[in-house]
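# Coordinate inspection notes
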Amino acid sequence: MTQALYLLGGNGSCAAWWEDVLPHFRRYTPQVIELPGFGSNTARLCRDLDELTTVLLASTAPGAAIYAVGVNALVVLHALVRQPGHFGRVVIQSPIGAYLWQRRLPRLMRFRPLRQLVHLLLGHAPGLMRRKFSRQNWSQERIVRMGAGYRACRAFNSYWDIVRADTALTLFDHITDRIELVWGAHDGVIPANQAAAWEAILPRAALTVAIQPDWGHYPWIDDATGFAHWLESGATGFVAHGKAGRLQLAELAGLPVPARLTVASPDDDRLAAFLATQPDARWAVRSSGAHEDQIDHANAGLTRTFLRVPAGEVAARIAELLADGIGDVVVQRFVEPVLSGIAFARHLGAEIEWVDGHLAVLADGEVTPQRAVLSRLGGDWAQAGFGEHAGLTETRLWDFLQAVVRTFHYAHLDIEWAWDGRALHLLQARPVTSYPWRRHLTAANIGEILPPQPSRLIEAAQRHAAASIPAVWARWDGRVLADNEPFTACFGDASYINNDLFLARLADWGLPTHRYADEVGGAVPALPLRPWRLLRNLPQLLAMHYASRAALPQLETGLRRLDAELDALIDSGADGKALARWLTRHYVHTVQGNLCIAPAIASSGGAWLGRPRTVYAGLADAPHRLPFESDPATPRQPGADLPLQPFPHWPLAVQVAHKLGLPGLRGWYAEVREWYRDNLMRLLYKLHHAMPETEREYWFAPHPAPRTQSGSFWQDGSGGTAQQFGFVIVPGSVDGVVGDDILLVDTLDPGQYDAYRQARAVIARSGGKLSHGATLLRELGIPAAVLPDAPVHWQGRRVRYRDGVLEAID
């Protein structure tokens, strides 16, 4: 019995584009999907990605395979956010969604006359685009068929409005399905060097990447037989998440990666030829196991690396690593550096440690490195500086690190680099698992709506939503997507508001920080008023003014959609996991709505057009409003019927003033804010009672780590906790006996993993903030610090350790 296979083309596609390949399938029963507005599908056009996702899920049976291309591959991924595991196999080709705020074509196609002209040319003169379609010389029949598809596509123009940078990739970082990404090396529509971006966009998916050397954008038309055979063969390419996969993707994107080869056997036929290309070279032989370098677990330093290996010994070293249970081994030309280091890099900054010579002594914690913290924000975010060492300048190193971050879609990365006196080399890039950035956090606001120890349910939703929430700002300033700062960040395994997200925007706009501090409470580092920068950014500020106002009437549509989805889940008897996924999407919508309401109020210019009564005036009986109401686990009385309330009615004069962007509407926008919050609480009331009784003990239980900070502070634990010439790795407080409860070691040696795991706290006298040992301690969550002056003679004494301070208590 054959398996169903859905075929879903990109913008402009129709069933006729696939007719050549359909007869060639043997294992699959193919079925072409035409979404509303494509080909012969005359249904009403969808208004956004949520509607397209709903249609796709309704049009496909669970467990079937799907092959999707381009912009509609994006719809498939949104379906996996909504219903994980819906498709039995997912193959996506050349997906659209990466770098949308920077790519030239999407920016140009914002202009409706231009997109209409392009649609006209594609439909009536497709031959002009034949080199974009394929490197082959297509027959006139095929070109005419392409044109017919574009002419019939009513959705072509609306798709340029639907696929936006602020909504394209929402919650993709928590997709866990197996996804096969395939790219044609000669794709003239979406270049294959974007594949590295998707490794970062889908960090938790079981992602493989195949680069097809002979493919263009339409392989099922270029070679129907070969395409069907490849798809049915199950060939998946290489594993994306891991040392080997990221190096291969970085190399594909043009980053300076030393010559490398990934093998799974010392007898690999390619090995001898590869080593022969540089007969005088020495080699590094490194593990690339499935347990290493993942988004949630780095497991740094737990496997061996062989350096300066002669070509004749490479095969033996490969065999040794494979005998350790490693799945793949990377053989890489050894770079003999004059300077090398590790950097935790993000768009806003880079925290760098370096040593003379090879970084092995740094990663193993054998020496204390030199350190610098660089930052676009400057001021208190930067510490020391790199200057110039061995001919390597700070500017050159910064540009190199930012190029790596940009290649992986601005992910926050742990980067190993080497400088040989002439050029920089990328040795490794892996996602940051747990790291105390030089980032400013605050408990303000979050402490007002959630208890100090929120439920497991809301904490999970908050963490899952954190990376997606800020994208809403891309409606007026796409630079927020490059910053890639989450809405909340963790300190002591509890969530706090990430001030850097907001302060980075103020820095770019040239605005001072004191107004933000007044808005959210607490204190923030100083950023000055920069008048010229402010003038340059007036277009973004005006865009924010209009975009935030335009979003307000749309809030009701999103609320009612979430309400309908929750009702459907309740009717189907959904379990806690399904309800938790719904809450995560609700959380994204909630905060994004608030991030639109806030600038609308801030730019309202007073309330001289009136102050209408808010929703609170009519709340006689409100079982959905109670202390810490934003936590769905907060106990609520049953039995109330709480339908969503409609958007407030505005007089005609207010509606006109709103559309024209006139001042004086603060009162009306405040009314919207309270209406919005009240409806959100109505949904949470329904969610509370929808959670199955048998699962409440788990989901409603408190998250293990309460918030302990009440003000604003640095995530890295400095400012009162850091010691001179030392630093805090993991903040915390512990009483115990040195040598029994509190481990005192000379270096941050990752080989002491078992000892670290059993200790209540770890104090090292030397080591790097970015060493493997420090990475392990952060992931274990054990209070730890580097204290160069820690007294050696305190072994056996009872002491108290608190945030970098060690004192005797007996």
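Bear in mind the structure is a predicted one, so any value in this text is a computation, not a measurement.

With that settled, the discussion passes to the overall build of the protein chain. Along the protein chain, the regular secondary structure elements total 29 helices and 29 strands. For 810 residues, the compact-globule estimate of 2.2 N^0.38 gives 28 Å, and the C-alpha radius of gyration of the protein chain, at 28 Å, lies within 12% of that figure. Seen through its principal axes, the protein chain has C-alpha atoms that stretch 80 × 70 × 60 Å. Here the protein chain holds 810 residues, and 57% of them are scored as buried. Taking all contacts inside the protein chain whose residues are at least 6 apart in sequence as the whole, residues at least 24 apart take part in 73%. Distance between charge centres in the protein chain, computed from 78 positive and 81 negative side chains, equals 7 Å.

With that out of the way, let us pick up the nonpolar core. Among the nonpolar cores identified, the biggest contains 197 residues, and Tyr-67, Ile-179, Trp-198, Leu-202, Leu-401, Phe-408 and Trp-417 are the most heavily contacted of them. If you tally residues by element for this core, the top one is helix 24 (residues 576-602), at 13 residues. What Phe-408 contacts, discounting residues up to four positions off in sequence, is Tyr-99, Ala-196, Ala-197, Glu-199, Ala-200, Arg-246, Ala-250, Leu-255, Leu-413 and Ala-429.

Once that is clear, we can look at the packing of aromatic side chains. One pass over the structure, following the stated rule, counts 36 aromatic pairs. Ring geometry for Phe-38 against Tyr-159: centres 5.1 Å apart, planes inclined by 75 degrees, an arrangement best described as edge-to-face. Placement of the pair is Phe-38 in the loop between strand 2 (28-32) and helix 1 (49-59) and Tyr-159 in helix 7 (residues 156-162), with a sequence separation of 121 residues. Look at Tyr-435 and Trp-437: their rings are 5.0 Å apart centre to centre, the planes differ by 85 degrees, and that puts the pair in the edge-to-face class. With respect to class, Tyr-435 is no different from Trp-437; both count as buried. Sitting over the face of the ring of Tyr-28, Arg-27 holds its NZ or CZ atom 5.2 Å from the ring centroid.

With that out of the way, let us pick up the pairing of strand 4 (residues 89-93). Within strand 4, 5 of the 5 residues are buried, leaving the element largely enclosed by the surrounding structure. With burial as the criterion, each face of strand 4 is covered, one bearing Arg-89, Val-91 and Gln-93 and the other bearing Val-90 and Ile-92. Sheet topology note: the strand 3 (residues 65-69)/strand 4 ladder contains 5 bridges and is parallel. If you follow Ile-66 over to strand 4, its bridge partner there is Val-90.

What follows deals with unusual backbone geometry. The phi dihedral of His-409 falls on the positive side, at around 55 degrees, and the residue is not glycine. Here His-409 shows up in the loop between helix 15 (394-407) and strand 17 (413-419). For His-409, a relative accessible area of 11% puts it in the buried group. The phi dihedral of Asn-484 is positive, around 55 degrees, even though this residue is not glycine. With respect to the helices, strands and loops of the structure, Asn-484 is situated in the loop between helix 18 (479-483) and strand 20 (488-491).

Looking now at the sheet that holds strand 11 (residues 328-333). A sheet is described by the order of its strands in space; here 4 strands give the open sequence 8-11-9-10, paired in antiparallel fashion. Of all strands in the sheet, those with a lone pairing partner are strand 8 (260-263) and strand 10 (305-309), marking the two edges. Neighbouring strand axes in the sheet, compared pairwise and without regard to direction, differ in orientation by 20 degrees on average. Direction of pairing for strand 8 relative to strand 11: antiparallel, over a ladder of 4 bridges. Paired with Arg-260 across the strands is Gln-332, a residue of strand 11.

What follows covers the sheet that holds strand 20. Overall, antiparallel pairing links the 4 strands, which are arranged 20-21-19-22 in an open sheet. Sheet topology places strand 20 and strand 22 (712-714) at the edges, where each strand pairs with a single neighbour. Neighbouring strand axes in the sheet, compared pairwise and without regard to direction, differ in orientation by 50 degrees on average. Relative to strand 21 (residues 494-498), strand 19 (residues 440-442) is paired through 2 bridges, and the arrangement is antiparallel. Bridging from a neighbouring strand, Thr-442 pairs with Ile-497 of strand 21. Contacts from helix 17 (residues 456-465) reach strand 20 and strand 21, with the element oriented near 40 degrees to strand 21. Across the sheet, helix 19 (residues 499-509) lies against strand 19, strand 21 and strand 22, angled at about 10 degrees from strand 21, the strand it touches most.

So, on to the packing of helix 4 (residues 112-124) against helix 6 (residues 140-152). Helix-helix packing is described using two parameters, namely the angle between the two axes and the distance between the axes. Contact geometry for helix 4 and helix 6: axes closest at 6 Å, N-to-C directions at 140 degrees. Between helix 4 and helix 6, the interaxial angle falls into the category oblique. Within the contact between the two elements, helix 4 uses His-119, Leu-122, Gly-123 and His-124 and helix 6 uses Gly-147, Tyr-150 and Arg-151. Considered class by class, the residues forming the contact of helix 4 with helix 6 number 2 nonpolar, 4 polar and 1 charged.

Quick look at a nonpolar patch on the surface now. Side chains of Leu-117, Leu-120, Leu-121 and Leu-128 sit close together on the surface and give an oily, nonpolar patch of about 370 Å² of accessible area. Within the secondary structure, Leu-117 is located in helix 4.

Our next topic: the environment of Ala-474. Residue position: Ala-474 is located in the loop between helix 17 and helix 18. Using a relative accessible area of 17% as the deciding quantity, one classes Ala-474 as buried. For the pair Ala-474 and Val-792, spaced 318 residues apart in the sequence, the C-alpha separation amounts to 53 Å. Once residues lying within four places of it in the same chain are set aside, the contact partners of Ala-474 are Asp-166, Val-480 and Leu-481.

Right, let's get into helix 4. For helix 4, built from 13 residues, the straight-helix expectation of 18 Å at 1.5 Å per residue is met to within 8% by its first-to-last C-alpha distance of 18 Å. Considered for burial, the residues of helix 4 that qualify are Arg-115, His-119, Leu-122 and Gly-123. Viewed along the axis of helix 4, the buried residues span an arc of 95 degrees, placing them on a single side of the element. Among the exposed residues of helix 4, those oriented more than 90 degrees off its buried face are Pro-113 and His-124. Close packing links the buried residues of helix 4 with helix 5 (130-133), helix 6 and helix 7.

Mean pLDDT over the protein chain: 89, with 94% of residues reaching 70 or higher. Looking over the protein chain, one finds the lowest element-wise mean pLDDT in helix 29 (residues 772-780), namely 68, and the highest in strand 3, namely 98.

The next subject is the pattern of salt bridges. One pass over the structure, following the stated rule, counts 47 salt bridges. Measuring nitrogen to oxygen at the nearest pair gives 2.7 Å for the salt bridge that ties Arg-317 to Glu-320. With Arg-317 and Glu-320 both in helix 13 (residues 314-323) and 3 residues apart, this pair spans about one turn of that helix. With relative accessibility at 26%, the residue Arg-317 sits in the partly exposed group. For Arg-682, the salt bridge identified is with Asp-678, shortest N-O distance 2.9 Å. Remark: Asp-678 and Arg-682 occur in helix 26 (residues 666-690); sequence separation between them is 4 residues, near one turn of the helix.

Conventions and cut-offs
Here, residues in each chain are numbered from 1, in the same order as that chain's written sequence. Totals for whole chains, interfaces and linings use all residues, but because this is a predicted model, local features are given only for residues with pLDDT of at least 70 and pairs of side-chain atoms are given and counted only at 80 or more. Derived side-chain values reflect all non-hydrogen atoms in the structure, with water molecules and hydrogen atoms excluded from consideration. Secondary structure elements follow DSSP: runs of H or I of four or more residues count as helices, runs of E of two or more count as strands, with numbering from the N terminus. Each radius of gyration reported is based on C-alpha atoms, and the globular scaling rule is 2.2 Å times the count of residues to the power 0.38. Here's how the labels work: a residue is buried when its accessible area is under 20% of the maximum for its type, exposed when over 50%, partly exposed in between, all with a 1.4 Å probe on protein chains only. Any pair of residues with heavy atoms lying within 4.5 Å of one another is described as a contacting pair. Only four residue types enter the charge count: Lys and Arg as positive, Asp and Glu as negative, with His and the chain ends excluded. We put the charge of a Lys on NZ, of an Arg on CZ, of an Asp on CG and of a Glu on CD. The term nonpolar core refers to a set of buried residues drawn from Ala, Val, Leu, Ile, Met, Phe, Trp, Tyr and Cys, joined through side-chain atoms within 4.5 Å. Any pair of Phe, Tyr and Trp rings, taking the six-membered ring for Trp, is counted once the centres come within 6.5 Å. Such a pair is stacked with planes under 30 degrees apart, edge-to-face with planes over 60 apart, and tilted for the rest. By definition, being over a ring means that NZ of Lys or CZ of Arg is both within 6 Å of the ring centre and within 35 degrees of the ring normal. At least two DSSP bridges between two strands are needed for those strands to be called paired. Between the N-to-C directions of two axes lies an angle of 0 to 180 degrees, each axis being a line fitted to C-alpha atoms and, for a helix, fitted only over the stretch in contact. Here the word oblique covers every angle except those under 35 degrees (roughly parallel), over 145 (roughly antiparallel) and from 65 to 115 (roughly perpendicular). For this classification, the nonpolar set comprises Ala, Val, Leu, Ile, Met, Phe, Trp, Tyr, Cys and Pro, the charged set comprises Asp, Glu, Lys and Arg, and every other residue, Gly included, is treated as polar. Patch building starts from residues that exceed 30% relative accessible area and form no salt bridge, then joins like charges within 9 Å and nonpolar side chains (Val, Leu, Ile, Met, Phe, Trp, Tyr) within 5 Å. Surface accessibility follows the Shrake-Rupley procedure with a 1.4 Å probe radius. Residue values consider only the protein chains on display as shielding. Only one rule defines a salt bridge in this text: a Lys or Arg side-chain nitrogen within 4 Å of an Asp or Glu carboxyl oxygen. Helices are assigned an expected span. That span is 1.5 Å times one less than the residue count. Working note: the arc is built from the helix axis to C-beta atom directions. Confidence per residue, as judged by the predictor, is encoded in pLDDT with a range of 0 to 100.

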